[in-house]
Structure formats: structure tokens, C-alpha cells
Amino acid sequence: MDYIIEYYSEAVQEEILSLPDSLAARYVILTRRITAVGPNLGSPHTEAFGDGLFELRLKGQEGIARVFFCALIGRRVMMLHSFVKKTQKTPSRQLEVARKRMKEVKHADS
């Protein structure tokens, strides 16, 4: 049984799909893999941030992007937040947005 990809909001989905071409292509490839085998793709594709929060690591000609996501009950994967990375370290503001949204969806899912 496959996993299902969901989005926190339409804005999040549009933000992800409007990433530069090579990053969007990488996103499509990795999400197809997630639907087939599950959200834990391992390094270098995903990284755990604790408490069920993960990041999808996208790298392409135009740079680097990250998409935060979490797994939910019923083989569902929720895409929470994305951004194009400009610094070596993940900005704390980006992480805060993802954690807040994950809390909301996990609370609504229980």
C-alpha cells in the first residue's frame, strides 16, 4: 500500500511547485520514492529533526531547497513548509514555522 502526500495548505503546495526547475524535479523524484517506500529515505535525501519532523533535501543547478514534512496516521505524509536555502545552517525561523505547523496537524490528526 502506497503512502499519500498531503500539503499543509494550498500556499505550501504552490510554494513547493514554484521552486526552480531542477529543485522541483528533484522534489517530484523524491516524493515518488516516498509514496512507494515511505518517508524515511535516509541520508542524503532526508534528515530527522526530532519529534517526527523531517526535511526533504533538494539540490539542483539553481541551489538548495528544503521541504519540512511529518508522517501521520494512515500512511500519510504532510508537507509543512519549504524554503530555498541561502546559508549553511537551517534558519531557526524556518524550523519554527515547520514545528508549529506539525503541532497543528498532529493535534488535528489525533
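Before any of the text, the structure's been laid out above.
Below is a short write-up of the structure. (Residues numbered from 1 in each chain as written. Predicted model: local features only at pLDDT ≥ 70, side-chain atom pairs only at ≥ 80, totals over all residues. Heavy atoms only, no water.)

1. Points about the packing of aromatic side chains
Within this structure, the stated rule accounts for three aromatic pairs. With 5.6 Å between their ring centres and 20° between their planes, Phe54 and Phe69 make a pair best called stacked. Placement of Phe54 in strand β3 (residues 53-60) and of Phe69 in strand β4 (residues 63-72) is noted, with a sequence separation of 15 residues between them. Aromatic pair Phe68 and Phe83: ring centres 6.1 Å apart, planes at 25°, arrangement stacked. Of this pair, Phe68 sits in strand β4 while Phe83 sits in strand β5 (residues 76-85), placing them 15 residues apart in sequence. The class of Phe83 is buried, set by a relative accessible area of 8%. Pairwise contacts between aromatic rings join Phe49, Phe68 and Phe83 into one cluster. (Phe/Tyr/Trp six-rings, centres within 6.5 Å; stacked < 30°, edge-to-face > 60°. Helix = DSSP H or I, 4+ residues; strand = E, 2+ residues; numbered from the N terminus. Buried < 20%, exposed > 50% of the residue type's maximum accessible area, 1.4 Å probe, protein only.)

2. Here we look at the nonpolar core
Grouped together as the largest cluster of nonpolar side chains are 17 residues, with contacts concentrated most on Leu56, Leu58 and Met79. It is helix α2 (residues 21-37) that contributes the most residues to this core, five residues altogether. With residues near it in sequence (within four places) discarded, Met79 still touches Ile5, Glu6, Tyr7, Tyr8, Val12, Ile16, Tyr27, Thr31, Ile34, Val67, Phe68 and Phe69. In this structure, Met78, Leu80, Phe83 and Leu95 belong to the second largest nonpolar core, which totals 11 residues. (Core = buried A, V, L, I, M, F, W, Y, C linked by side-chain atoms within 4.5 Å. Contact = heavy atoms within 4.5 Å.)

3. What to know about the sheet that holds strand β2 (residues 46-50)
Overall, mixed pairing links the five strands, which are arranged β1-β5-β4-β3-β2 in an open sheet. Both outer strands of the open sheet, β1 (4-7) and β2, are each paired with one neighbouring strand and no more. Between one strand axis and the next, the sheet turns through 35° on average, direction left out of account. By the bridge criterion, four bridges tie β2 to β3 in an arrangement that is antiparallel. The residue bridging Ala48 from the neighbouring strand is Phe54, located in β3. Seen against the sheet, helix α1 (residues 10-17) touches β1, β4 and β5 and runs at an angle of roughly 55° to β5. (Pairing = 2+ DSSP bridges. Axes fitted to C-alpha atoms, helices over the stretch in contact; angles between N-to-C directions.)

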